[in-house]
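Given next are the chains, with one letter for each unit.
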Amino acid sequence: MVFTDVVGSTSLGEKLDPEILRRVMNEYFDRMRAVLERHGGTVEKYIGDAIVAMFGIPEVHEDDALRAVRAAHEMRTALEELNRELKDRQGVRIEARTAVNTGEVLAEDTRPDAPLTADAANTAARLEQAASPGEVLLGDSTYRLVRDAVTVEPAGPLDLKGKAEPVPAWRLLEVSPEGPGIARSLDSPIVGRDRELALLRQAFDRAAAERACRLVTVLGAPGVGKTRLAAEFVAWLEGRATVLRGRCLAYGEGITYWPVAEVVREAAGIAESDGPDQATAKITALLGGHEDADTIAGRLRTVLGLTDTPAPAQETFWAARRLLEALAERGPVAIVFDDIHWGEATFLDLVEYLAGWSTVVPILLLCLARPELVEARPGWGAGLPDAATIRLEPLTEEDSERLIDNLLGPAPLDEEVRARIRQAAEGNPLFVEEILRMLVDDGVLRRDDGRWIAAGELSSIAIPPTIHALLTARLERLSREERAVIQRASVVGKVFWWGAVADLSPAPEQATVGGHLQALVRRELVRPERSRFAGEDAFRFSHILIRDAAYAGTTKEARAELHERFADWLERRAADRLTEYEEIVGYHLEQAHRYRVDLGLDGEAGPRLARRAAERLAAAGERALARIDIHAAINLLSRATALMERGDPRRVEVVVDLVEALVEGGLVDRAREMLGEAAHDSDALADDRLRAHVLMGEWHIRASEGPSELEGEQDGFRAAEVFGKHGDDRGLARAWALVGAARWWAGRAGAAEEALERARQHARAAGDPNVEADTLLTLSAVLAQGPRPVEEAASLAEAILDEYAGNRTVEAYMYHALAHLRSWQGRFDEARALARRYRGILRDNGQEASWADSSECAADVEVMAGDLEEAVRLMTEGQQRFEEMGISDPTILPFLAYALYLAGRWKEAEDPAVRAVESGQPLWRLLAQTVLARVRARQGRAEEAEALAREAIEAAGRTDYLVFQGRTAVGMAEVLQILGREAEAAPFLEEAVRVFEQKGATVWADLARSRLGGMHG
Ligand SMILES: Nc1ncnc2c1ncn2[C@@H]1O[C@H](COP(=O)(O)OP(=O)(O)OP(=O)(O)O)[C@@H](O)[C@H]1O
Ligand SMILES: [Mg+2]
């Protein structure tokens, strides 16, 4: 919008008689208004002597900002002119100051004359007040849209009233009358387009060889690269043909023949400064002795705008054709007409006429247009025997990535960021460029130490302002009804259904929705898509940014209503497989609710909507948790709980699920915070069942912190009793899973297996695959460490694999057991592959905490295989992940200490060993003690060493974990050897060999046996 105000009008009033003053001011207003309107603006209102003009209302153009700036600049010239006249007549002078600013304005569809202006308008008014007389200030948002067409100097940042931050501003010096606001760059190498270029070369070669006129039209969405393709082709034509270029203009007076005039001027070498006679002379010269030279030159005066006398079209056509033919007689001619979708009907007629009538001379007519050409001229080129059309499709993914790399230069860019940009741009090179420009301008993409890094969130890339203007302008060209249809579709999403859009339309408009959708397809704004609903046609937006622009064009009020109505439609339409769509239904209800809250419309319907949305999201989140998709579970359950009221009993349950997901996802602090809320609410509700669930949630957090096995078992029993009373199978599954885990910590394999089996049965009854899988993870550890011999344990794990075939998570857990077991048997390659698959699935599931934990398993395989450094590397990485996530789980530490010790890095082993001993987790404590004992022995702290080794042996003896028993026996033997008490060591090694063999852990047994052999030998 443009704000302009007269400076010092009071002093003007003192000098002039009121009647004359009014006349002077009226004249001023009239002239300014004329300038504004010539550029497509509308004067919205006069406030005192100030003029407020809008561009882009009611009709949006992609270059509205530039139009406004040109108007502001021209107003300044017009005022100078007026002042010269006034000086002579009244001896006065008017001075004005002006501001141009760009921003979103909410226009009421029903009253296009009454825009509700917003923040952007206030800024414009303030900017105007900050300008000096005669000055034009541009707001930053405007400057960004026109910067390649203007010369400015910084005038800011300015402290404006009502603005917290200083506002950047630019003083306008010059604006070029032609050319775009943002120049398209041609300097990055062209990517792809080989096929299209080949087609163009072929067409040219044929025109040249057959001495005929060919018409080739390149059709494609804005920014897809039509002009660039033509530029590339023109470069190839160099030396092969005379190339002439003309461009259709989007607006202006007398633009009909503008592109032809450009062509004629270029052909004849007519300069801007040439007068009418010179121009005519140059054309005559070009025709060199042609019999009709004077007639042709005379008629082309109309084209060149050298005369006001209108001439019949056919005469002009004829003259243009004869000129080009004369030229082509000397050698092939290629003419490029760009942007012909803006061409006037007469101009388009002329092009078809040229193509149809020019014969026997080699001319290639290359026309570039956006798809709306076909809307305006459905039969374009039809009837011409040799006319061809090339549709320019988006770039391939590889080409897009190459373009991104070319544009950013040699500095590397993060793989993921590049993929996000590529996805947002969807193969449109202009969008690639503009998105990059925006990200760099906004500092989201920064150069750091020779590479590009993303500072801040890149998960959703907004529409760059230039693209926004472009797309909005495209949507604006639609009829009111078509626009309403595409807006309704945009609420549905990138893919939408005819039936849904019809349902969202008012009854009288429903019948015409199909026709409008077809029109949108013809304009390439949407395209047909395979439908997932039988008998329901589906469409997709041809570009996500088009959807975004259409969505941005709807009011919040409409969004609130349409999202809700679409959710209703989807519920009805997908009634038989609602679970599949629950998340989507929830999303739309959530949006509807959000917009209502934004508008302060919550009222009575608000809580009802929130409840519906929350229920859908919670159900979808619980399902995500059940299939162990942790990222999705956290996202959905968080959104669900945010929509639920504190004190709602259902919320307590959902929060406990969320806590479980958060712990698995490694977000322990948030888990604690949420659990605190749930504990508080369940107490307030005095509901013992909910309290028991909260208790289970608490154990999820504690389980990773070195818990007390006794307390765990007791809490499990108590909760089981409560859940039993309520017939809550899900609760029972959780309770028995806790009992099972506590027994595993206590090293009671048999009892653990029994509790875990009960948990599994309840989980099945409750239909909770997540808890079911959880029990199997604990079971996998029990199978590996417990007293069952390796082969027996392995076949049990394999039986479970068969039973759960296709369940990736259960597979992962069984691979865990098998990786340990096979590595102890010396089947290293197999074990490595198992560990890798195990960890891969955890990663895919988003189980970050379990993934870090699983480094122990992979490292165990490496230790067995003798690659100690790899084992250390794996566990260091896992431990680091734990620490990043704030998880104090000590599981990795004793194993890390052991691998470091074995690798001869016993000094480094001390720290993790000490930490594991102090953690209090009984199993990890005893394993760490047996490592620390050896470290102490080497430090000469004999007594301490022996005591630690003995304590470890006793603790292992209380469990039925055979490998643990063997490891502590070997530990004691080594301590004694270091202390020089060889003779005492032998019985411990013999005992170790015995238990390892009982387990069938041959690698371990061999290790103990070789120590024994070494002693005797
Ligand atoms: N194949 C390509 N390789 C590299 N850059 C490209 C390619 N195609 C287009 N570009 C770049 O993308 C931008 C947009 O291209 P171009 O101006 O040719 O689009 P257009 O289809 O003519 O759009 P409009 O309909 O708005 O005229 C330009 O800066 C251009 O240099
Ligand atoms: Mg173009």
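Treat the numbers as computed from the prediction; the structure is a model and nothing was measured. (Residues numbered from 1 in each chain as written. Chains lettered and ligands numbered in written order. Predicted model: local features only at pLDDT ≥ 70, side-chain atom pairs only at ≥ 80, totals over all residues. Heavy atoms only, no water.)

Engineer: Which residues make up the sheet that holds strand β15 (residues 495–497), and what values go with them?
Structural biologist: Here three strands make up an open sheet; going across it, the order is β15-β17-β16 and the pairing antiparallel. The sheet is open, and its two borders are formed by β15 and β16 (526–529), each paired with just one other strand. The average undirected angle you get between the axes of adjacent strands in this sheet is 35°. Bridge count between β16 and strand β17 (residues 538–541): four bridges; the pairing is antiparallel. Bridge pairing in β17 links Pro 528 to Phe 539. Running at roughly 110° to β16, helix α21 (residues 513–522) makes contact with β15, β16 and β17 of the sheet. (Pairing = 2+ DSSP bridges. Helix = DSSP H or I, 4+ residues; strand = E, 2+ residues; numbered from the N terminus. Axes fitted to C-alpha atoms, helices over the stretch in contact; angles between N-to-C directions. Contact = heavy atoms within 4.5 Å.)

Engineer: Pulling in residues and values, what's your account of the state of the cysteines?
Structural biologist: Taken as a whole and judged by the stated rule, the model has zero disulfides. Left unpaired, Cys 367 is separated from the closest cysteine sulfur, that of Cys 248, by 8.2 Å. Judged by its relative accessible area of 0%, Cys 367 is buried. (Disulfide = S-S within 2.5 Å. Buried < 20%, exposed > 50% of the residue type's maximum accessible area, 1.4 Å probe, protein only.)

Engineer: How would you summarise the nonpolar core if you had to cite specific residues and measurements?
Structural biologist: Among the nonpolar cores identified, the biggest contains 220 residues, and Ile 421, Phe 431, Ile 486, Phe 496 and Trp 824 are the most heavily contacted of them. In terms of nonpolar packing, the next biggest core, distinct from the first, is built from 51 residues, Cys 213, Leu 219, Leu 287 and Ala 319 among them. (Core = buried A, V, L, I, M, F, W, Y, C linked by side-chain atoms within 4.5 Å.)

Engineer: Now, about the pairing of strand β10 (residues 333–338): what can you tell me, with residues and values included?
Structural biologist: The buried fraction of β10 amounts to six of the six residues, a majority that puts the element mostly inside the structure. Because side chains alternate across β10, one face comprises the buried residues Val 333, Ile 335 and Phe 337, and the other comprises Ala 334, Val 336 and Asp 338, equally buried. Taken together, the six bridges between strand β9 (residues 242–247) and β10 define a ladder with parallel strand orientation. Across the sheet, the residue bridging to Leu 244 is Ile 335, located in β10. Note: β10 against strand β11 (residues 363–369), five bridges, orientation parallel. Opposite Val 333, over in β11, you have Ile 363 as the bridge partner. Crossover β10 to β11 through helix α12 (residues 345–357) is right-handed. (Right-handed = clockwise from strand over helix to strand, strands pointing away.)

Engineer: Tell me what's going on with the pattern of salt bridges, and back it up with residues and numbers.
Structural biologist: It is possible for side chains of opposite charge to pair when their charged atoms get near one another. Following the criterion strictly, the structure yields 101 salt bridges and no others. For Arg 171, the salt bridge goes to Glu 135, with nearest N and O atoms at 2.7 Å. In this pair, Arg 171 sits in strand β7 (residues 169–175) while Glu 135 sits in the loop between α4 (119–130) and β5 (136–139), placing the two residues 36 residues apart along the sequence. Residue classification places Arg 171 among the partly exposed residues on the basis of a relative accessible area of 23%. A salt bridge links Asp 657 to Arg 734, with the shortest nitrogen-to-oxygen separation between them at 2.6 Å. Here Asp 657 is found in helix α27 (residues 649–664), whereas its partner Arg 734 is found in helix α31 (residues 729–745), with 77 residues between them in sequence. By relative accessible area, Asp 657 is classed as buried at 0%. Judged by its relative accessible area of 6%, Arg 734 falls in the buried class. Three or more residues are tied together by salt bridges with common partners; here these are Asp 568, Glu 571, Glu 582, Arg 612, Arg 616 and Arg 623. (Salt bridge = Lys/Arg side-chain N within 4 Å of Asp/Glu carboxyl O.)

Engineer: Mind laying out the confidence of the model for the protein, listing which residues take part and the relevant values?
Structural biologist: Confidence in the prediction for the protein averages 87 pLDDT; 96% of positions are at 70 or higher. A low-confidence stretch, residues 108–116 (pLDDT under 50), is modelled with 12 contacts involving residues beyond four sequence positions or located in other chains. (pLDDT = per-residue confidence, 0-100.)

Engineer: An account of the sheet that holds strand β8 (residues 213–219) is requested, with residue identities and associated values reported.
Structural biologist: Within the open sheet, the five strands sit side by side as β9-β10-β11-β8-β12. Their pairing is parallel. Sheet topology places β9 and β12 (388–391) at the edges, where each strand pairs with a single neighbour. Across the sheet, the mean angle from the axis of one strand to that of its neighbour is 15°, orientation sign disregarded. Against the sheet, helix α8 (residues 258–268) touches β9 and β10, its axis set at about 150° to β9. Lying on the sheet, helix α11 (residues 313–328) is in contact with β9, β10 and β11; it crosses β10 at an angle near 140°.

Engineer: Describe the side chain of Ser 823, and please don't skip the residues or the numbers.
Structural biologist: Inspection of the secondary structure assignment puts Ser 823 in helix α35 (residues 808–824). Given the relative accessible area of 0%, Ser 823 is considered buried. The contact partners of Ser 823, leaving out residues within four places of it in the chain, are Phe 828, Ala 831, Asp 860, Val 861, Met 864 and Val 1003.

Engineer: Explain the packing of aromatic side chains residue by residue, including any values.
Structural biologist: Given two aromatic rings, one states the distance between the centres and the angle between the planes to describe the pair. Taken as a whole and assessed by the stated rule, the structure comprises 20 aromatic pairs. Plain terms: the ring middles of Phe 996 and Trp 1004 are 5.3 Å apart, the flat faces sit at 15° to each other, and that makes the pair stacked. By way of ring pairs, the aromatic residues Trp 744, Phe 895, Trp 924, Tyr 961 and Phe 964 are connected into one cluster. Arg 837 extends its terminal NZ or CZ atom over the ring of Tyr 815, reaching a point 4.5 Å from the ring centre. One cation-aromatic arrangement involves Lys 907 over Trp 906; the distance from NZ or CZ to the ring centre is 5.4 Å. (Phe/Tyr/Trp six-rings, centres within 6.5 Å; stacked < 30°, edge-to-face > 60°. Lys NZ or Arg CZ within 6 Å of the ring centre and 35° of its normal.)

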